[in-house]
Every structure is written in structure tokens, then in C-alpha cells.
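Each chain, letter by letter, is given below.
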Protein chains: 2
Amino acid sequence: MSKFWSPIVHQLTPYVPGEQPKISNLIKLNTNENPYGPSPRALNAIEIEVGNSLRRYSDPTSERLINAIAQYYQLKPQQVFVGNGSDEVLAHTFQALFQHGMPLLFPDITYSFYPVYCKLYGIEGKIIPLNNNFEVDLGDYLRPNGGIIFPNPNAPTGHGVGLGVIERLLKHNTDSVIVIDEAYIDFGGESAVALIDEYPNLLVIQTFSKSRSLAGLRVGFAMGNPELIAGLVRVKDSFNSYPLDSIAISGAAAAMQDRTHFEYTRKRIIASREQLTAELEALGFDIIPSQANFLFVTHPQHDAVALAGHLRVRNIIVRYFNKPRIDQYLRITIGNDDECKKLVSALKEIINS
Amino acid sequence: MSKFWSPIVHQLTPYVPGEQPKISNLIKLNTNENPYGPSPRALNAIEIEVGNSLRRYSDPTSERLINAIAQYYQLKPQQVFVGNGSDEVLAHTFQALFQHGMPLLFPDITYSFYPVYCKLYGIEGKIIPLNNNFEVDLGDYLRPNGGIIFPNPNAPTGHGVGLGVIERLLKHNTDSVIVIDEAYIDFGGESAVALIDEYPNLLVIQTFSKSRSLAGLRVGFAMGNPELIAGLVRVKDSFNSYPLDSIAISGAAAAMQDRTHFEYTRKRIIASREQLTAELEALGFDIIPSQANFLFVTHPQHDAVALAGHLRVRNIIVRYFNKPRIDQYLRITIGNDDECKKLVSALKEIINS
């Protein structure tokens, strides 16, 4: 606390990201990173960019990257916004589109950065509980609001909703912006990008950190009506002209263009997820069917904190949230084959001892 | 304009950065980039980082970079904050330290992003005109305020104030934060970092974009009392956990450690500046003595816009600001020897034709 802080700073409850341990030899299944490396084409583009002139400012409009995303999704460049990770894109979205003096609706169990942004921008949040199956039920969102945001699939549950349900909500909710946070969409969900041309109040946010395996490069993006994108650009250009460095622009653009690597790795992760689900169910775990690159699991006979602790002494790190309703659950990232195998055998050992 | 925008968005007047033309063969003297490349040690560190795991999130605390900066300036790590370019550091500073219901004081002719941040965060700005010599006169800042910010040396004038004057202001102004934006300090000014331990309300902001020649990597930093830094961290962690990518962290840390390259290049730029000053004065230009890597020049017989236009057709691009008091000035970045030579001979040709 300090008299020099703006009053708002005293009220903040900053987000705490998953642990990034600095020791090696850990099986790190706690932050939903991709077990496979990024596209070799991305790495190559980065090498070339390093040889170019880092002494020059990067392109403030990130034109090359915006074009690559627009081309991938068959959109116009004016329908695409990019930022320094989807966290920055979300932050600008909260400030640019959600400050309307009416509550912003979002789920109780979801990405825990949403309430943090609400405090930062003085937005009232109205929490809508998941239903008893831990699902986002969009029927519960039909009430007056200054905006709606939810991830699809949701995190940390992995459960996804279909486009039909989303479209019903869009038809009813026409006066405020609906943001769908699709960080995990490529692992089995249906993207709402298909609905953008029809609904001027729909914004879809994605990231290069998961299915594109570039968490360390910090690139996220939003897609929607040019009017919404223009609002985001106004805030971005009042905050930081050059949020993406030259290397990130080139690397992400090349990653977007490499469909082969993208398809190959995401399919491997989906296959591993299905196999891991079966193996953990065989050990007695209850698992919410996942459309993401993680599983949200609970065991009727074993305490979640104890399980996480026993995994940790075996050098396996998973994510635990000390929060109501989910304090007996663990979120486990889908690793590579070897990591999955070691996880299963560690859990067997723990459960049978 | 859109009904979906938050009301604040309608009021914004976004910053317009200097042009980044996409054609080559231009002599680009408009955005104060460094004419020499970054440290080879930085490029090497980047290469190594690319070979590491970009699939992993970067370190949210940027520990390695913070340590490198702390070591360079002999500070504690808790006295250092890093961000995605000094623009992001400035944005967080405005939100974290300047929202006090009293006017923020800054010069009329200065970095034109300051009034933009004021609008973004609802801060009243009180503009203090430069004196008749185009100097920041800190005697004019002794009035009630919610904060003070000015660049030293100032941009676009290049004029710097000494530590004695700054310390006098700090002794009088103890209830609000004084931010010194030292983007250009390494080209001849005296850094106020030396005063940090004594004045808890002093924040010094620097960048890797100028003297470290890494504009394309987007790294800036702030130094001050741990209490001020903690306020910035609270805002940063409520906005974006990982503002710096892994490559930027490693590259900037290595650049900070390479004192030889830093000293060599900045001294070359200072020498070129002195020579260019003499040559332009010989052509009849009036020049404010510069402590930066640019000159702010006017010619009694030649219109500034016309000069800029004539330079542009000769593929030389300089910066012109269409603003009161300075609409007959050009800001010219110090280029390498060849660029300076071509600039002088082009100006000779234009003036003598």
C-alpha cells in the first residue's frame, strides 16, 4: 500500500498464473502448454526475422499477421485484431466493449482473469453458475447485461457448447457484445467465427499459445465485425502503438500458414486425450468429457490436494484451484505419450498404495 | 462510432506513430531508431532462445531481464519493472500512479502520447509551456498536481535538464509522483536513477528501442522505489501476466550485459550528432543543442514542410509535427555516416536550388 498509488490500485486482486518452475526434469502438466513444438516454418520465419533489422520498430499494424489470420479464416483484415497474448486482447476488450454501466455476465467456474479485468476497469461482474453437470447453460444468460463472456470450451472444465446454442443466444441478445474466448477451440470445439458475418455484436478471441504451440511468443487475436475491431484498435492505439515485436509477427504469421503441422499435432493431442480419459476412468476417476487439451478430473476416494502433492513429489505438476465447487478437482494438461504414460503409472502407484 | 463501444472509446484520440514505410532504399530518419544494429550478444541469446521451447509460457516475472537491469544500475530487483516497450510501461504508470483527481503536469511540446494516456485513464492534464528557448523549466512545475511527467532529454527538442534542477523539484514536490522519461538519456544526459534511493516518489523510465538498438523487440523498463514498482506490478498482473515473450527477455538481458557494444555505438552516434550539427549550421539551420539521437532544426529562409517534401522525393524521410510553436521545425534522426552525408548533400541541393 502506498499513498502514491492511484485509488484503483488498492482495490485490485491481480491474477496469479500457473506456476512456471525454473527446475528442469519436471513433467509439467499445469498450464495447458502444447507438448509438441511449434511449426518448423514458424521457427524458420523467426530465424530470418532475427537476421533482419531489430533496430527498426515493428509494424504497428502487424499487417502480415493480420493478413495470415484473415486468410486462414477467410475474413477481411478489418475483421481481425491482434495483441500481446490473448490476455492483452481480453484486457482491451473489457475496456473497449464492456464498460456500459450494466453487469457483465460470466460463469462462476471459468478463466479467473475475468473478475480481475472487471476490477481493473470498474465493471460490475454478474456471475452465472454452471449447471449441475458443470456446463455453461446459455439459457441462464438471457437477462439484462452490459456484455457476456465465456470460454468455449470452458476452462478448467473442458466442456464445450455447440454453435446452435450460441446462435440462439445471439438472436436474443442484440444490444450488448458477446465475447467467446476460444483459447481451446482447436481441440474439438466448433468455432463461432462462422457466425461473425451475421452477428455484429459477436467477438471471437483465440490464441497462439495452445494449438499453435507458441505460448512463449505471446500472440493472441480477436475476430468480429469491423466496428468492434475498430473499437479495439482505438484502445490499442491509445495504449501501445507496437504491442507485437517483429519476431512475434513473423513467427505467428508463419505458424498460421502451416496447416500440416497444426493438423498433425492437434490430432495427436486429441487422440492422447481420449486414451488418457479411458486410462484415468479405469483408475476410478470421474472426468468431464473434454474438448480441450486438458482433463478436469476428480476421484471419489482420493482427496485432490493429496493427489496433487503425491504427483509433485514424483516431479509431476498439475493444476489445483482452491475454489468452491471445484476443490476436489485437478486440471491435467495432455502431455506427450511418455508424459501421459508416466502420469498414469504415478497415479496407479499413488491410488494403490 | 458504434453503440457497442464503451463511452470512453468515443472520446479517445489515439496516438499516431511515425511512419514505418514498407518500401526499401529509404533513408529513414523519422523515428529515432539506432543506425547501428543491436549487440551481437543479444542476437546470440535470441538464437539460443528460439532453439528452446517456445511452446512454454515465458517467465511472467521476467526475472532474468530484471536482474540484468538491476545489476547494470546497481539496484535491487524490487526497484525494477519491465514491460512491452516503454509505451506499455508508461500506460501502466498513468493508470497506477497518476489517477489522483488533480491535474497531471507535462510540457506542451513533448512526447505526444501523454495526452492520449490522460484520455484513456480519465486524467486531467495541465500543460506547462516550454520557455522561450524551448526548454523544460522545472521552476514552472511548482504548483498543486496529481503527478508530473517529462522526458529528459525532451523530445522532439533534444534539450536536457541537469540533475541539480531535478533534485530541487523533488525536494519541493513530495506528495505526488515525478516520472522522468529517459528514452534518450544515453546520448548525453544525466540519468536520475542516481536519485532513486533518496526520493520515494521518483520513477525513471527507459527503453531498449534507442541506445540498445532493439526497437523491434519491444522492451521498456521503469526504476524507482519498491513501493512504486509494486503498484505497477499490481496493474500489470491485472492486465497481462506475460507481457514479454521469451525471446525479448533473453535478448534484452544480453543487450544490457554488453557494455562494449553499447558504449561504442552510443559514442559514434554522439560524434555524428556533433558533426551533423556543425554541417547543418553551416547551411543556415538553427538547431537546439541536442542531448539525444536526433536534431530539432529550423531554417529561417526555408519552410519546414517544403524541406520535408523535397527530402522525401530524394528518398529521405524526416519527422514533421503540424503543431503550434514547432510547425517550422523538423526532427531528424542521427543516421550512420553515409546517411548523414546523403542528408547534408540533399539539403545543400535543396537550399541552393
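Predicted model only: the values in this text are computed from it and were never measured. (Residues numbered from 1 in each chain as written. Chains lettered and ligands numbered in written order. Predicted model: local features only at pLDDT ≥ 70, side-chain atom pairs only at ≥ 80, totals over all residues.)

A. Representation of the overall build of chain A within the structure. Looking only at helices and strands, chain A has eleven helices and twelve strands in total. The C-alpha atoms of chain A give a radius of gyration of 20 Å, which matches the 20 Å a tight globule of 353 residues would have. Expressed along its principal axes, the backbone C-alpha trace of chain A runs to roughly 60 × 50 × 50 Å. When each of the 353 residues of chain A is scored for burial, the buried share is 54%. Restricting the contact set of chain A to residue pairs at least 6 apart, pairs at least 24 apart contribute 73%. (Helix = DSSP H or I, 4+ residues; strand = E, 2+ residues; numbered from the N terminus. Rg over C-alpha atoms; globule rule 2.2 N^0.38 Å. Buried ≥ 20, exposed ≤ 12 C-beta atoms within 10 Å, placed from the backbone. Contact = placed C-beta atoms within 7 Å.)

B. Region of interest: the relation of the copies chain B and chain A. Expressed as a screw operation, the relation of chain B to chain A combines 0.0 Å of axial shift with a rotation of 180 degrees, fitting to an RMSD of 0.0 Å. The symmetry that links the two subunits is that of a two-fold axis. For chain B, the minimum C-alpha distance to the rotation axis belongs to B:Glu47 and amounts to 3.7 Å. Taken together, the interface assignments show that 100% of the residues at the interface of chain B recur at the interface of chain A, consistent with an identical surface on both copies. (Least-squares fit on C-alpha atoms with pLDDT ≥ 70 in both.)

C. Structural detail: the domain arrangement of chain A. Residue and element names in this part refer to chain A. Per the domain assignment, the segments making up chain A are domain 1 (7–37 + 260–352) and domain 2 (40–258). Listed as interface residues are 30 residues of domain 1 and, on the opposing side, 26 residues of domain 2. Of all elements in the fold, only helix 9 (259–282) and strand 10 (294–298) reach the threshold of two or more residues within the side of domain 1 that touches domain 2. With seven residues, the single largest contributor to the side of domain 1 that touches domain 2 is helix 9. Each residue belonging to the side of domain 1 that touches domain 2 can be placed in one class, and the counts come to 15 nonpolar, eleven polar and four charged. (Domains from an automatic or database assignment. Nonpolar A, V, L, I, M, F, W, Y, C, P; charged D, E, K, R; others polar.)

D. Representation of the packing of helix 2 (residues 40–51) of chain A against helix 2 (residues 40–51) of chain B. As a packed pair, helix 2 of chain A and helix 2 of chain B sit with axes 11 Å apart at the nearest point and diverge in direction by 180 degrees. On the basis of their axis angle, the class for helix 2 of chain A and helix 2 of chain B is roughly antiparallel. Between helix 2 of chain A and helix 2 of chain B, the residues in contact are A:Leu43, A:Ile46, A:Glu47 and A:Val50 and B:Leu43, B:Ile46, B:Glu47 and B:Val50, respectively. Per-class residue counts for the contact of helix 2 of chain A with helix 2 of chain B are six nonpolar, no polar and two charged. (Axes fitted to C-alpha atoms, helices over the stretch in contact; angles between N-to-C directions. Parallel < 35°, antiparallel > 145°, perpendicular 65-115°, else oblique.)

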